[in-house]
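Below are the chains, spelled out letter by letter.
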Amino acid sequence: MEHAGRGPAEKRRGKRCVVLSVAFVLLIIVILAVALGLTLRRNTDELRATFTARCEEFSGYDCQNIWDTFQQAYVGKDPCEVPVEAYDSLIAAAPFKPSCDRMMFWSKTKDVVHDFTEKRDCFLTLEDTLLGSVLNDLTWCGKEGSSETFTTGCPGWTDCENNPVRSFWNRASAAFADVACGDVTAMLNGSITTPFSPTSIFASIEVKRFNATRMRALNVVLVTQKNAVTNCTNASLKDLQKELDKGINYNCMEVAESQIKECGNDPEKPCGACW
Ligand code: DVN
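Everything quoted here is computed from the prediction, not taken from an experiment.

Asks: Is there a simple way to explain the pattern of salt bridges in this structure?
Replies: Note that side chains of opposite charge can pair when their charged atoms are close. Summed over the entire model, instances satisfying the criterion amount to 10 salt bridges. Its salt-bridge partner being Asp-137, residue Lys-110 comes within 2.9 Å of it at the nearest N-O pair. Pair noted here: Lys-110 is in helix α4 (residues 110-119) and Asp-137 is in the loop between α5 (130-135) and α6 (164-178), with a separation of 27 residues, a long-range link. Given a relative accessible area of 59%, Asp-137 falls into the exposed group. Within the structure, one salt-bridge network assembled from shared partners comprises Asp-101, Asp-183 and Arg-216.

Asks: Mind showing me how you'd approach helix α8 (residues 235-243) here?
Replies: In an α-helix there are 3.6 residues to a turn, and that puts residues three or four apart on one side. Every buried residue of α8 is accounted for by Ser-236, Leu-237 and Leu-240. End-on view of α8: buried residues confined to an arc of 100°, all on one side of the axis. Opposite the buried face of α8, at more than 90 degrees from it, the exposed residues are Ala-235 and Lys-242. Contacts from the buried residues of α8 go to β2 (182-189), α7 (201-209), β3 (215-224) and β4 (249-256).

Asks: Hey, could you run me through the site of the ligand in this one?
Replies: Close to the ligand lie 15 residues; Ser-107, Lys-108, Lys-110, Ile-201 and Glu-206 are nearest. Here an oxygen atom of the ligand and a side-chain polar atom of Ser-107 are 2.7 Å apart. Taking Phe-202, its main chain carries an N or O atom lying 2.9 Å from an oxygen atom of the ligand. Secondary structure elements with two or more residues in the shell around the ligand: β1 (104-107) and α7. Its residues assigned to classes, the shell around the ligand shows 6 nonpolar, 4 polar and 5 charged.

Asks: When you look at unusual backbone geometry in this model, what are you seeing that I'm missing?
Replies: Peptide bonds are, in most cases, trans, and in most cases residues other than glycine have a negative phi. Located in the positive-phi region is Asp-101, a residue other than glycine, with phi close to 70°. In this fold, Asp-101 is placed in the loop between α3 (88-93) and β1. Taking relative accessible area as the criterion, Asp-101 reaches 39% and is therefore assigned partly exposed.

What counts as what
- Residues numbered from 1 in each chain as written.
- Predicted model: local features only at pLDDT ≥ 70, side-chain atom pairs only at ≥ 80, totals over all residues.
- Heavy atoms only, no water.
- Salt bridge = Lys/Arg side-chain N within 4 Å of Asp/Glu carboxyl O.
- Helix = DSSP H or I, 4+ residues; strand = E, 2+ residues; numbered from the N terminus.
- Buried < 20%, exposed > 50% of the residue type's maximum accessible area, 1.4 Å probe, protein only.
- Arc of directions from axis to C-beta.
- Contact = heavy atoms within 4.5 Å.
- Near = heavy atom within 4 Å.
- Polar contact = N/O pair within 3.5 Å; in protein donor to acceptor, adjacent residues only side chain to side chain.
- Nonpolar A, V, L, I, M, F, W, Y, C, P; charged D, E, K, R; others polar.

Structure representation (structure tokens):
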């Protein structure tokens, strides 16, 4: 009769096989965990490197302290529960200085306005200031129970209101508008039907904080293209005028985008003569 059970050598081989399989699975788990850890570290390190390099272009600031203060706003938090107030300390660490007669606000004209302010050293947008420039075009968020910064998989602008990126821009825009003084300029988009959109940061936050004790006028530059759909008589611009604090003068000029581009390319021309 044939022996039904396995021999001792076969049993030992079977056991070794199980041990090897478990060890292999554990090894894979360790490798994956290390790779994930390194990726997260890289996320934090890359953001820190960009932040610090941009910060160091401004002299007289403690960039390490500004980075630490920035991180405190969102690290370890649910990325949908970072309110605007979380950035109060960051704003206090690098406050906006008033640049009377040179401050430039904008809405739906991101490229044209920055192309212009980069070439000409006359107007200053939020994105030309230290805090605006270090975080411009970046994405970041934290996670509950983690000390890392994530740069992917973060909630989008409209996914939840209190997300770290949106709250930062809302807070920074409010602080920048708080120091607006003298003659202030706003570049709005003449190619859309509602250049002063109630849901924009410009309308919902900045204009509401303009104050007549500091500001003399708001000069709207309505950027037009060949087939302009909007001019200075636009209904939304009437709303803008109504929203302004009494005592702030309002002016509006329609200016061709090509003229703004040409002026940007001509550093000899005085800034005020661009429109
Ligand atoms: O005056 C400026 C400046 O001070 C600024 O920070 O706020 C004013 C501009 O904000 P705005 O009036 O809301 O103008 P926009 O053109 O509607 O939006 C400005 C930017 O906010 C966009 O360019 C988006 O940034 P991005 O993605 O190009 O780096 C962002 N943004 C606004 N609404 C968004 C959005 N991003 C994604 N989804 C949205 N719904």
